[in-house]
Amino acid sequence: MEPVHHVTTSSKVLFRKVRNIVPPMLEKFHKGQLGRVAVIGGCVDYTGAPYFSAIASAKLGCDMSHVLCERSAAPVIKGYSPNLMVHPILPSTDSVENPKSIDAPALAGPIIDMLSRLHALVIGPGLGRDGVTLKVVAEVIKEARSRSIPFVLDADGLLIVTEDPSLVKGYKECILTPNVVEFGRLAKALGINTPSQADIGKEGGDKTSKESDACQQLSNALGGVTIVQKGPHDVISNGTTSLINDIKGGLKRSGGQGDTLTGSLGTLLAWRAAYHEKLWESGEKENEKEAESKADVQAELESDMRMSPGTTLLLAAWAGSSITRESSRQAFEAKGRSMQASDLTDEVHKSFLKLIGEPEESQAHL
Ligand SMILES: NC(=O)C1=CN([C@@H]2O[C@H](COP(=O)(O)OP(=O)(O)OC[C@H]3O[C@@H](n4cnc5c(N)ncnc54)[C@H](O)[C@@H]3O)[C@@H](O)[C@H]2O)[C@@H](O)CC1
Ligand SMILES: Nc1ncnc2c1ncn2[C@@H]1O[C@H](COP(=O)(O)OP(=O)(O)OP(=O)(O)O)[C@@H](O)[C@H]1O
Ligand SMILES: [Mg+2]
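The protein is annotated in an unreviewed UniProt entry as ATP-dependent (S)-NAD(P)H-hydrate dehydratase from Penicillium frequentans. Per UniProt, the comment on the protein under Function (unreviewed entry) is "Catalyzes the dehydration of the S-form of NAD(P)HX at the expense of ATP, which is converted to ADP. Together with NAD(P)HX epimerase, which catalyzes the epimerization of the S- and R-forms, the enzyme allows the repair of both epimers of NAD(P)HX, a damaged form of NAD(P)H that is a result of enzymatic or heat-dependent hydration." What UniProt records for the protein under Subcellular location (unreviewed entry) is the sentence "Cytoplasm".

As structure tokens, this is what we get:
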């Protein structure tokens, strides 16, 4: 396959375009219009990950932030924050009568009933690997896809895709956020022979292009799904177009930083949906053409034309990655070696203001 090199648009220009998909804060808006996001995750082992993800969504600016979790995790997550709406509706082996013969679509019912009220889902933070839970979540993925609800898949949510890639293959409204290990597992499941990041480092040559080739190959194997490959820099690809995010991050690798990424992406996906629904006037020129090639995407990013959904998905992924890396940099600057995932949470809004800033219409009210 011909390697497709990444888009060379400067980060300054990209951030200016990101501002166009951030809804202004107007008096006419009602509760919920700036985003209703749900994180699906949280089990007996992990309560931090869904919390970090959902609170990042909230702090970035969505109106309503839900967590749909396993029964035992709910009181714990509720205790972390009264701002989150926590629903104990995710079944597990411990909460169903006969775990060996379950009716997964029926068990997914209470979650599926909530989908019509949600703009975006984040599936996987702290989900765990319970067999019943994963089967139920696979049903939720099918239903969300059939309704074109955008979602982010991370952590144990990626395991579901590793086991059944057809669930997301060809779906243009989702973002996968694998770390190095998760990327390797997905590549193996799809029969892609890519060198590991460690091997790429040893080989010499243009390391960034090799990494973006690997990400592009995986995206293509999944029919053009958007992937954020996390690492020393984040590689974002939808198979035809790639972006590299090398914004400086922190040096502490504490667990849970990926959760700030997924939560931020949830809110950005909700804002992106509002942009395409023309909830407000973005001030861009109308653009009938759907961007298909890398050149089309780059043209939309570097002009004042309205963007196509493919372009805004890449841009949302890039913005989420940027906010996370900048939050990590600021938190590390303040806390050094003691930095924890919760320190990123406190930096999300400052990072947003520094990198993106409020759209002009909001500034008039500040
Ligand atoms: N506070 C919390 O509740 C947290 C919960 N988490 C949850 O924990 C569960 C398991 O997630 P894991 O990420 O541990 O997944 P895995 O259980 O698949 O473990 C991945 C392993 O790979 C290693 N690894 C990560 N990056 C690497 C790199 N660049 N090079 C080499 N090795 C690397 C890690 O140290 C880890 O041992 C998920 O549900 C996740 O959401 C994590 O997100 C961390 C925080
Ligand atoms: N070497 C690095 N240098 C700078 N930033 C990094 C580095 N490695 C990861 N990051 C950043 O840290 C964030 C989390 O990535 P990481 O690879 O730790 O994910 P993860 O293992 O899934 O995290 P989590 O512990 O939340 O599950 C991403 O925004 C990524 O850009
Ligand atoms: Mg992770």
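Draft legend 1. Examining the packing of helix α6 (residues 131-146) against helix α7 (residues 156-163) more closely. One can describe the packing of α6 onto α7 by two numbers: an axis separation of 10 Å at closest approach and a directional angle of 80°. The orientation of α6 relative to α7 falls into the category roughly perpendicular. Taking contact as the criterion, the partners of Leu 134, Val 137, Ala 138 and Ile 141 in α6 are, on α7, Asp 156, Leu 159 and Ile 160. Its residues placed into classes, the contact of α6 with α7 shows 6 nonpolar, no polar and 1 charged.

Draft legend 2. Local environment of the pattern of salt bridges. Enumeration according to the criterion identifies 15 salt bridges in this entry. A salt bridge links Arg 147 to Glu 143, with the shortest nitrogen-to-oxygen separation between them at 3.0 Å. The class of Glu 143 is partly exposed, set by a relative accessible area of 25%. Between Lys 230 and Asp 154 there is a salt bridge; the shortest N-O distance is 3.4 Å. Of this pair, Lys 230 sits in the loop between β7 (226-229) and β8 (234-237) while Asp 154 is found in the loop between β5 (151-153) and α7, placing the two residues 76 residues apart along the sequence. Here Lys 230 matches Asp 154 in class, with each residue buried.

Draft legend 3. Representation of the nonpolar core within the structure. Counting residues in hydrophobic clusters, the biggest one holds 58 residues, and the most contacted among them are Ile 77, Leu 84 and Ile 356. Those residues in contact with Ile 77 that lie beyond four places of it in its chain are Gly 42, Thr 47, Pro 50, Tyr 51, Val 67, Cys 69, Leu 84 and Val 86. Core analysis: the second largest hydrophobic core is formed by 47 residues, Tyr 171, Leu 186, Ile 227 and Ile 244 among them.

Draft legend 4. Region of the structure containing helix α8 (residues 180-189). Buried within α8 are the following residues: Glu 182, Phe 183, Leu 186 and Ala 187. Angular distribution of buried residues about the axis of α8 spans 135°; they occupy a single face of the element. What points out from α8, more than 90 degrees from its buried face, is the exposed set Val 181 and Lys 188. Elements that come into contact with the buried residues of α8 comprise α7, β6 (174-176), α10 (207-221) and β7. Looking at where α8 begins, the residue whose side-chain oxygen comes 3.1 Å from the main-chain nitrogen of Val 181 is Asn 179. The first or second residue beyond α8 is Gly 191, which carries a positive phi of 70°.

Draft legend 5. Highlighting the environment of Gly 124. Mapping Gly 124 onto the fold places it in the loop between β4 (120-123) and α6. Given a relative accessible area of 0%, Gly 124 falls into the buried group. In the structure, Gly 124 is positioned 119 residues away from Leu 243 in sequence and 24 Å away in space, judged by C-alpha atoms.

Draft legend 6. Layout of the pairing of β4. Of the two faces of β4, the one lined by Ala 120 and Val 122 and the one lined by Leu 121 and Ile 123 are each fully buried. Where strand β1 (residues 36-40) and β4 come together, 4 bridges link them in parallel fashion. Counted as the bridge partner of Ile 40 is Ile 123 from β4. With 3 bridges connecting them, β4 and β5 associate as parallel partners. Its bridge partner being in β5, Leu 121 is matched across the sheet by Phe 151. Crossover β4 to β5 through α6 is right-handed.

Draft legend 7. Focus on the site of ligand 2. Near ligand 2, the surroundings consist of 13 residues, among which Lys 230, Asp 234, Gly 256, Gly 258 and Arg 325 are the closest. Within the side chain of Lys 230, an N or O atom sits 2.6 Å from an oxygen atom of ligand 2. Between Gly 258 and ligand 2, the recorded distance is 2.8 Å, taken from a backbone N or O atom to an oxygen atom. Burial of ligand 2 by the surrounding chains reaches 78%, relative to a free accessible area of 620 Å². Taken atom by atom, the bulk of ligand 2 overlaps the largest pocket. Of all the secondary structure elements, the ones that give two or more residues to the shell around ligand 2 are α11 (257-276) and α13 (309-335). For the shell around ligand 2, the element with the highest residue contribution is α11, accounting for 3 residues. Its residues assigned to classes, the shell around ligand 2 comprises 1 nonpolar, 7 polar and 5 charged.

Draft legend 8. Main features of the packing of aromatic side chains. Applying the stated rule across the entire model yields 6 aromatic pairs. The interplanar angle of 50° and the centroid separation of 4.6 Å between the aromatic rings of Phe 15 and Trp 318 together place this pair among those described as tilted. Highlighted residues: Phe 15 in helix α1 (residues 11-21) and Trp 318 in helix α13, separated in sequence by 303 residues. Taken individually, Phe 15 and Trp 318 each receive the classification buried, so the pair is uniform in this respect. For the pair Tyr 51 and Tyr 80, a centre-to-centre distance of 5.2 Å together with 65° between the ring planes defines the contact as edge-to-face. Residue Tyr 51 is found in helix α2 (residues 48-60), and its partner Tyr 80 is found in helix α3 (residues 74-80); the two are separated by 29 residues along the sequence. Note on Tyr 80: relative accessible area 40%, which makes it partly exposed. Through successive ring pairs, a cluster of aromatic residues spans Tyr 51, Phe 52 and Tyr 80.

How each quantity is defined
Residues numbered from 1 in each chain as written. Chains lettered and ligands numbered in written order. Predicted model: local features only at pLDDT ≥ 70, side-chain atom pairs only at ≥ 80, totals over all residues. Heavy atoms only, no water. UniProt positions renumbered as here; feature names shortened; annotations may be inferred. Axes fitted to C-alpha atoms, helices over the stretch in contact; angles between N-to-C directions. Helix = DSSP H or I, 4+ residues; strand = E, 2+ residues; numbered from the N terminus. Parallel < 35°, antiparallel > 145°, perpendicular 65-115°, else oblique. Contact = heavy atoms within 4.5 Å. Nonpolar A, V, L, I, M, F, W, Y, C, P; charged D, E, K, R; others polar. Salt bridge = Lys/Arg side-chain N within 4 Å of Asp/Glu carboxyl O. Buried < 20%, exposed > 50% of the residue type's maximum accessible area, 1.4 Å probe, protein only. Core = buried A, V, L, I, M, F, W, Y, C linked by side-chain atoms within 4.5 Å. Arc of directions from axis to C-beta. Polar contact = N/O pair within 3.5 Å; in protein donor to acceptor, adjacent residues only side chain to side chain. Pairing = 2+ DSSP bridges. Right-handed = clockwise from strand over helix to strand, strands pointing away. Near = heavy atom within 4 Å. Areas by Shrake-Rupley, 256 points an atom, 1.4 Å probe, with all protein chains shown as cover. 1 Å grid on protein atoms, 1.4 Å probe; cavity = no way out; pocket = protein on both sides within 12 Å on 5 of 7 lines; lining within 4 Å. Sits in = over half its atoms within 2 Å of the grid points. Phe/Tyr/Trp six-rings, centres within 6.5 Å; stacked < 30°, edge-to-face > 60°.

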